[in-house]
Amino acid sequence: MTALPAPSARPTWAERLARLIPPFDEAPVPRPPRTLWAFFAWCLRGSFPVLAVASVVSVLAGTAEVVSAMLLGTVIDLASGSSPDRLWSDHTLLFLGIALFLIVLRPLTFGASAAFQSVVIGPSLNVLVLSRLHRWTLGQDITFFDNDFAGRIAQKQMQTGRAVTESTVEFINTIVFALSSVIATMLLVISIDWRVGLALGIWFAGYLFYISRFLPQIRRRAEGRAAARAVVTGQVVDTITNMRTVKLFAHADAEDEAAIQAMDRYRETTLDYGTISTSFRFGLMVIAGLLPVLMVGLTLHFWTQGTATPGDIAATGTVALRIAQMTGWVSFALMGLYANVGEVEDGMNTLAHNHSMEDAPDARPLPAADGIRFDDVHFTYGREGDEETGGGLHDLNLTIAPREKIGLVGASGAGKSTLVALLLRLYDVERGQVLVGGQDVRQTTQESLRRAIGMVTQETAMFNRSARDNIRYGRPDATDEEVVAAAKAARAHDFILQLEDFKGRKGYDAHLGERGVKLSGGQRQRIALARAMLKDAPILVLDEATSALDSEVEAEIQAALEEAMVGKTVIAIAHRLSTIASMDRIVVMDQGRIVEEGTHQALLARGGLYARYWNRQSGGFLTMEAEAAE
């Protein structure tokens, strides 16, 4: 669990209010529902008491508007019914009370409402929802991320967190406020004449009918606009992430065309949304204009009949104009609200998928990483019938003794990487079982399993963080001295001291750029080796761990690797066979099966597939094309 930011020593009033909604939910995130309103409830879980108080404050603010109009009517009636020389003396306390309400109570009510929206709800709720969505997304299996754009997933998280927060704030600020104002207005005009109240009720029913016809269309078009915007983000991020490849192949025009097509689709969906919203707001303005004509006209009629006072006319006119004006920003807020609801629904459809790789209910932490066994393992990524072309594993049996070091050899597609992925439980076997320390990995918590395995891959993963943080990722509680020791062991210390980023940060503080683009391939692999050495896990997996190194540096790294492998169970995948010739055992794979195993010398003497690989090496690498031709 990531440590939460430490609170300031002397929190301000704003910080105290913001803490009413805890912004970071440390409890395990439950499974999000796939229906819209239940998903909203999942996002807002834990904040409902504060939202209820905010709603009450909004009701008081909405009522205060009508009370202000009522007090204005009272003042007019008193003025028209009193002589000028006695008006102040006869009604001093009443006028002081009205002034107190307008100068103190009404501002306090609106100020409290604004504080709830902008200080209590807005900042903390957005972070709460975003952190909850992010934590759920982190639990998805690797296929979830393989099947989508990284930029699109990030966009959906940000979009959904923002949309949930803005929907909640707008609901309290607009819907609750407006409803309380209309209800209070209804009570006011009924006290003048029930027929004016009836007219207001008929108008309000027509208003609700009108918006009920338009808002679902706005919601659907907003959802389409959000989806198109996310595609634009995904396309642009995908291009930027692979910018070196774009430059090397001179495909800037093609990438520009792909982005333009995505942007054009976004423009079309935005135009659709703008068309429906324009029609909606125009109709609402017509309906809003009917209200003051209707209410003031009726009150004037009753005044001519002696059943209404000038103050009633003023109060009715004030609230009618206020509600008519309110329909403008209410309609705008409703469009925004339904647009946000559409974006939440779109985000829900992307992010609220169930985890397909969950810990079993009775999963236990890995007790010890003593030995590995693949027992009749069959896995084809859900694609049966791949036995002839490779692609997965087929009835594979392999036992690796504790602290044994094996090398995995085979052509591309032989199943080497699949074997490692099943060991790490990035996928679940379709048949058979994978055991570590005698325990089925499906009955082991994923976190404890992966903490027991250190890995260095050919495609090294770097974060756009400092060199120190990238190495310390292997063991977050490591000291600076331990980080430096691991870097020295991986022969990375000297070049790290020469690093400097564009902000002037140097050495271990220098940031490495996105995916480590500021480093050479060999430098990235040495950082990755240092990370694995610092982790010091009992199982070590090396997937082409020295492929990007020149011969001189490789010789140094091999010595460091031999030190790192002492006392560990090791699986090393290599095309450069010389790097694994000294392993305890070499396992040769072909089309998802083990076809040979033994020591380097024994396999050479056998004269089989491994011997052909060894004889066909070019510059120390396995020549796959030659083997395929064979």
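Every residue gets a number counted from 1 within its own chain, in the order that chain's sequence is written. Owing to the predicted nature of the model, reporting of local features is limited to residues with pLDDT of at least 70; listing and counting of side-chain atom pairs is limited to 80 or more, with chain, interface and lining totals taken over all residues. The side-chain quantities take in all heavy atoms of the structure and omit both hydrogens and water.

### Here we look at the overall build of the protein
Here is step 1 of the chain: For the protein, the helix and strand inventory stands at 21 helices and ten strands.
Here is step 2 of the chain: Counting only residues that meet the buried cut, the protein has 48% of its 630 residues in that class.
Here is step 3 of the chain: We call two residues in contact when some of their heavy atoms are within 4.5 Å. Considering only intrachain contacts with a sequence separation of at least 6, the fraction spanning at least 24 residues in the protein is 75%.
Here is step 4 of the chain: A total of about 30500 Å² of accessible surface is found on the protein, and carbon and sulfur atoms cover 59% of it. Where helices and strands are cited, they refer to DSSP runs of H or I of at least four residues and of E of at least two residues respectively, numbered from the N terminus. When a residue's accessible area, from a 1.4 Å probe over protein chains only, is under 20% of the maximum for its type it is buried; when over 50% it is exposed; and in between it is partly exposed. All accessibility values rest on the Shrake-Rupley procedure with a 1.4 Å probe; residue burial counts only the protein chains present in the view.

### Here we look at the side chain of Arg 225
Here is step 1 of the chain: Within the secondary structure, Arg 225 sits in helix α8 (residues 194–241).
Here is step 2 of the chain: Those residues within four positions of Arg 225 in sequence are excluded, and the remaining contacts are Tyr 266, Thr 269, Thr 270, Tyr 273, Ala 339 and Glu 343.

### Concerning the pattern of salt bridges
Here is step 1 of the chain: Salt bridges are defined by distance alone: a side-chain nitrogen of Lys or Arg within 4 Å of a carboxyl oxygen of Asp or Glu. Summed over the entire model, instances satisfying the criterion amount to 16 salt bridges.
Here is step 2 of the chain: Arg 475 serves as the salt-bridge partner of Asp 477, at 3.9 Å between the closest nitrogen and oxygen.
Here is step 3 of the chain: Given the relative accessible area of 61%, Asp 477 is considered exposed.
Here is step 4 of the chain: Its relative accessible area of 26% is what places Arg 475 among the partly exposed residues.
Here is step 5 of the chain: A cluster of three or more residues bridged by salt bridges with shared partners is formed by Arg 468, Arg 472, Asp 480 and Asp 509.

### With respect to a nonpolar patch on the surface
Here is step 1 of the chain: Patches here are clusters of residues that have more than 30% relative accessible area and form no salt bridge, with a 9 Å joining cutoff for like charges and a 5 Å cutoff for nonpolar side chains (Val, Leu, Ile, Met, Phe, Trp, Tyr). Together, Leu 100, Leu 102, Ile 103, Val 104, Leu 105 and Leu 108 make up an exposed nonpolar region whose accessible area comes to about 560 Å².
Here is step 2 of the chain: Along the chain, Ile 103 falls in helix α5 (residues 92–138).

### Some details on the nonpolar core
Here is step 1 of the chain: Take the buried Ala, Val, Leu, Ile, Met, Phe, Trp, Tyr and Cys residues and link them wherever side-chain atoms come within 4.5 Å; each set so joined is a nonpolar core. Ile 471, Ile 496 and Leu 542 are the most contacted members of the largest nonpolar core, which has 45 residues in total.
Here is step 2 of the chain: Sorting elements by how many residues they give to this core places helix α17 (residues 521–535) first, with seven residues.
Here is step 3 of the chain: Excluding its chain neighbours within four sequence positions, the residues that come into contact with Leu 542 are Val 456, Leu 561, Met 565, Val 570, Ile 571, Ala 572 and Ile 573.
Here is step 4 of the chain: Among the nonpolar cores identified, the runner-up in size contains 41 residues, and Tyr 273, Val 319, Met 335 and Ala 339 belong to it.

### Focus on the UniProt feature "transmembrane region" (unreviewed entry) in the protein
Here is step 1 of the chain: UniProt positions are given in the numbering used here, feature names are shortened, and annotations may be inferred rather than shown by experiment. Residues given the UniProt feature "transmembrane region" (unreviewed entry) here are residues 50–75, 87–105, 171–190, 196–215 and 282–303.
Here is step 2 of the chain: For residues 196–215, the helix share is 100%, the strand share is 0%, and the end-to-end C-alpha distance is 28 Å.

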